[in-house]
Amino acid sequence: MLVFRPSGYLARVMRIDPVQRQSAISLASTLVLTAIGFLSTMFFAHTVGPAILGAYFIFVAYYSVFNLFGDGGFGGAAVKRISEGEDQDAYFTAFIVLRVVLVAVSIGFLLIIRPYIPDLASPEVFLWLIVALIAGALTSVASNGVYGRGKVGINQISGLLDTLIRIIVQVVAIVLGYGVAGLAGGFVAGLLAAGLVNYRFLDLALASFRRSHIQSLFAFSFWTFLSASGYLVFSYADTIMIGYFMTEADVGVYRVALQLTSIATFITVALHTTLYPKVSYWGKQNDLSSVENALARAFTYSLLLAVPVVLGGWLLGERLLYFFYGAAFSAGASALALLLLVQVAHVFMFLQTMCLNALDRPRDSFRVTAIAVAANVGLNLYLIPTYGITGAAAATLATMVLNAALANRALSRTIRVRMELRAVGHIVLAALVMAAVVAAYSFVIPLTNVFVVLGAVALGGVVYLLVLLKIDRGIRDELKELTMGLGVPWPGLL
């Protein structure tokens, strides 16, 4: 009889290559988070509609903006310096002091400009925003310390708990009729839960620090802050501008379409989380060949999901919006088509800027991002009033491609940026076969209900996987090794 022995299973998992093991943990966590996020948004979309959902998305946008000011880039700087392995406690303590000062300044600035922000007129929502900024500061102290120490798995688990607690509280609040305030309250509850987990596993201690530690954090944080500001523009400038020029309902439709496309990059997010401390360490050791190989492989595995999601989304996107979120959200189909391409460009932008920062080149990361940010703001201002949410998607696509191209140029001065062309070609070929099968399925069986649409999704996924594993032995063998290393049986058919 087969008996599960936790210690034996753990020993087997620990024998897997560290990068593969942590990537698998990160990927599993990201997959669960993505699934939970999708299901909860579907529930909220059907329960409260696009207007309340849009108001909540605007709340999150403003939280992200002022939380960035409250962090000042020192979170990323702390992770970088702590991950280098020298004076870890001193850097950690210096970060805490800077974080407390900046969050106080951020909240004070928010109180001053509140009368000029119509979207935050509600006293309840504004109060929750203040509480969220304080909770975010407390959580970031622990999460950046844990992440800097290389405990990627703990960081991912805390992120999972953040999502679980947030959604549970939000669902209960919506059922009880609390609307936007209930969604904001759940957001805060998730932050606090994640912080408690990270503090439990934080093994850094308060220590005296010198001016040199502050200066070192400043040297890195300045450019990190500016780069993060640029990334924030890509993430939320369109949301804020749609809310200004259009309605909260339009914001809800646009953000739901954007969320639906985000499934294309959850492998990228998982790899980014895992590779940053590794690339930082390799860069410190001048082991650039390891960085080159890891980045090339990260491109391949990111496109492994992104390419078929784009093709499948073009074929099924409107039906997915209609059945999963409601008839009101199907108006986002044209924006969805462009946002799917945004996610492909995002793969290259996200991983390359990660490498620039991890290799201690935040200044270059900022320079390339700043150009794209200026273009993004200008295009959004021009396109949204005329073309609505489709214009916002077009602006995001154009500037994301620009950012990826500029990041490639900057990174190429330090390492050889390459792609595994053979493997990527196999991915594209398998995705095209999948698209042909799904198109034929849709022609024979009209997509008139959610079960038929889900059948098309499942059929496409199976066809893509079978074709890819058949034509690419390298990907098949690597996935087989990782799967069996985790103790999951590998199907004999594959």
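Since we're looking at a predicted model, the values are computed, not measured.

### Structural notes on the overall build of the protein
Step number 1: Assigned secondary structure in the protein consists of 16 helices and zero strands.
Step number 2: Taken across its 494 residues, the protein has 56% of its residues classed as buried.
Step number 3: Sequence-distant contacts, at least 24 apart, represent 84% of the contacts inside the protein between residues at least 6 apart.
Step number 4: Only carbon and sulfur atoms are counted for the fraction: they give 68% of the accessible area of the protein, which is about 21,400 Å².

### Overview of a nonpolar patch on the surface
Step number 1: Taken together, the side chains of Leu-164, Ile-168, Val-172, Leu-176 and Tyr-178 define a hydrophobic patch exposed on the protein surface, amounting to about 510 Å² of accessible area.
Step number 2: Looking at the secondary structure, you find Ile-168 in helix H6 (residues 152–175).

### Focus on helix H7 (residues 179–200)
Step number 1: In a regular helix each residue adds 1.5 Å, so 22 residues correspond to 32 Å; H7 covers 33 Å between its end C-alpha atoms and thus fits that length.
Step number 2: For H7, the tally of buried residues reaches 17 of 22 residues, placing the bulk of the element in the interior.

### Section: the side chain of Ser-216
Step number 1: Within the secondary structure, Ser-216 is located in helix H8 (residues 211–245).
Step number 2: A polar atom in the side chain of Ser-216 sits 2.9 Å from the side chain of Arg-81.
Step number 3: Only 3.3 Å separates the side chain of Ser-216 from the side chain of Tyr-91, close enough to count as a polar contact.

### A word on the nonpolar core
Step number 1: Phe-59, Leu-110 and Tyr-325 are the most contacted members of the largest nonpolar core, which totals 146 residues.
Step number 2: Of the residues forming this core, the biggest block, 19 residues, is contributed by helix H11 (residues 288–325).
Step number 3: Contact partners of Phe-59, with chain neighbours within four places excluded, come to Val-125, Trp-128, Leu-129, Ala-132, Ala-184 and Phe-187.

### Quick look at the pattern of salt bridges
Step number 1: Across all of its chains, the model carries seven salt bridges by this definition.
Step number 2: Here Asp-87 and Arg-210 are joined by a salt bridge, their closest N and O atoms 3.9 Å apart. Taken as a pair, Asp-87 in the loop between helix H3 (74–83) and helix H4 (88–113) and Arg-210 in the loop between H7 and H8 lie far apart in primary sequence, 123 residues in all.
Step number 3: The partly exposed category is assigned to Asp-87, whose relative accessible area is 42%.

### Re the confidence of the model for the protein
Step number 1: Residues with a pLDDT of 70 or more make up 89% of the protein, whose mean pLDDT is 84.
Step number 2: At the low end of the mean pLDDT range in the protein sits helix H1 (residues 6–14), at 45; at the high end sits helix H14 (residues 421–444), at 94.

### Some details on the packing of aromatic side chains
Step number 1: Here the structure, examined in full by the defined rule, presents eleven aromatic pairs.
Step number 2: Ring centres 6.1 Å apart and planes at 75° place the aromatic pair Phe-66 and Phe-69 in the edge-to-face group. In this pair, Phe-66 and Phe-69 are both assigned in helix H2 (residues 18–71), three residues apart and thus about one turn of the helix distant.
Step number 3: The buried category is assigned to Phe-66, whose relative accessible area is 4%.
Step number 4: Chaining the aromatic ring pairs together yields one cluster made of Tyr-56, Phe-57, Phe-59, Tyr-63 and Phe-187.

### A look at the packing of H3 against H4
The geometry of a pair of packed helices is captured by two quantities: the angle between their axes and the separation between those axes.
Step number 1: In contact at an axis separation of 9 Å, H3 and H4 are set at 175° when each is read in the N-to-C sense. As far as their axial angle goes, H4 and H3 are roughly antiparallel. Contact residues: Phe-74, Gly-75, Ala-78, Arg-81 and Ile-82 in H3; Gln-88, Tyr-91, Phe-92, Phe-95, Leu-98 and Leu-102 in H4.
Step number 2: A per-class count over the contact of H3 with H4 returns eight nonpolar, two polar and one charged.

### Focus: the environment of Leu-192
Step number 1: Within the element layout of this structure, Leu-192 appears in helix H7.
Step number 2: Excluding residues that lie within four positions of it along the chain, Leu-192 makes contacts with Ala-135 and Thr-139.

### Quick notes on the packing of H3 against helix H5 (residues 123–148)
Step number 1: At a closest axis distance of 8 Å, the pairing of H3 and H5 adopts a crossing angle of 30°. Considering the angle they form, H3 stands roughly parallel to H5. Every pair of crossing elements has a handedness; the one defined by H3 and H5 is right-handed. Along the contact surface, H3 presents Gly-75, Val-79, Ile-82 and Ser-83, while H5 presents Asn-144, Gly-145, Tyr-147 and Gly-148.
Step number 2: Classifying every residue of the contact of H3 with H5 by side-chain character gives three nonpolar, five polar and no charged.

### Quick look at the environment of Val-377
Step number 1: Relative to the assigned elements, Val-377 resides in helix H13 (residues 362–411).
Step number 2: Overall, the relative accessible area of 28% leaves Val-377 in the partly exposed class.
Step number 3: On a C-alpha basis, the gap between Val-377 and Thr-399 in space is 9.4 Å, while along the polypeptide they are 22 residues apart.
Step number 4: Apart from residues no more than four positions distant in its own chain, Val-377 is found in contact with Val-233 and Met-241.

### Quick notes on unusual backbone geometry
Step number 1: Even without being glycine, Asp-87 reaches a positive phi, approximately 50°.
Step number 2: Here Asn-286, not a glycine, exhibits a phi torsion of approximately 60°, which is positive.
Step number 3: Along the chain, Asn-286 turns up in the loop between helix H10 (266–284) and H11.
Step number 4: Look at Asn-286 and you get exposed, because its relative accessible area is 58%.

### Examining the environment of Trp-314
Step number 1: By secondary structure assignment, the location of Trp-314 is in helix H11.
Step number 2: Taking C-alpha positions, Trp-314 is 8.2 Å from Leu-336, a pair spaced 22 residues apart along the chain.
Step number 3: Polar side-chain contacts of Trp-314 include one of 3.1 Å to the backbone oxygen of Ala-337.

The rules behind each value
- Residues numbered from 1 in each chain as written.
- Predicted model: local features only at pLDDT ≥ 70, side-chain atom pairs only at ≥ 80, totals over all residues.
- Heavy atoms only, no water.
- Helix = DSSP H or I, 4+ residues; strand = E, 2+ residues; numbered from the N terminus.
- Buried < 20%, exposed > 50% of the residue type's maximum accessible area, 1.4 Å probe, protein only.
- Contact = heavy atoms within 4.5 Å.
- Areas by Shrake-Rupley, 256 points an atom, 1.4 Å probe, with all protein chains shown as cover.
- Patch = residues over 30% accessible without salt bridge, like charges linked within 9 Å, V, L, I, M, F, W, Y side chains within 5 Å.
- Salt bridge = Lys/Arg side-chain N within 4 Å of Asp/Glu carboxyl O.
- Expected span 1.5 Å × (residues − 1).
- Polar contact = N/O pair within 3.5 Å; in protein donor to acceptor, adjacent residues only side chain to side chain.
- Core = buried A, V, L, I, M, F, W, Y, C linked by side-chain atoms within 4.5 Å.
- pLDDT = per-residue confidence, 0-100.
- Phe/Tyr/Trp six-rings, centres within 6.5 Å; stacked < 30°, edge-to-face > 60°.
- Axes fitted to C-alpha atoms, helices over the stretch in contact; angles between N-to-C directions.
- Parallel < 35°, antiparallel > 145°, perpendicular 65-115°, else oblique.
- Nonpolar A, V, L, I, M, F, W, Y, C, P; charged D, E, K, R; others polar.
- Left-handed = near helix turned anticlockwise from the far one by under 90°.

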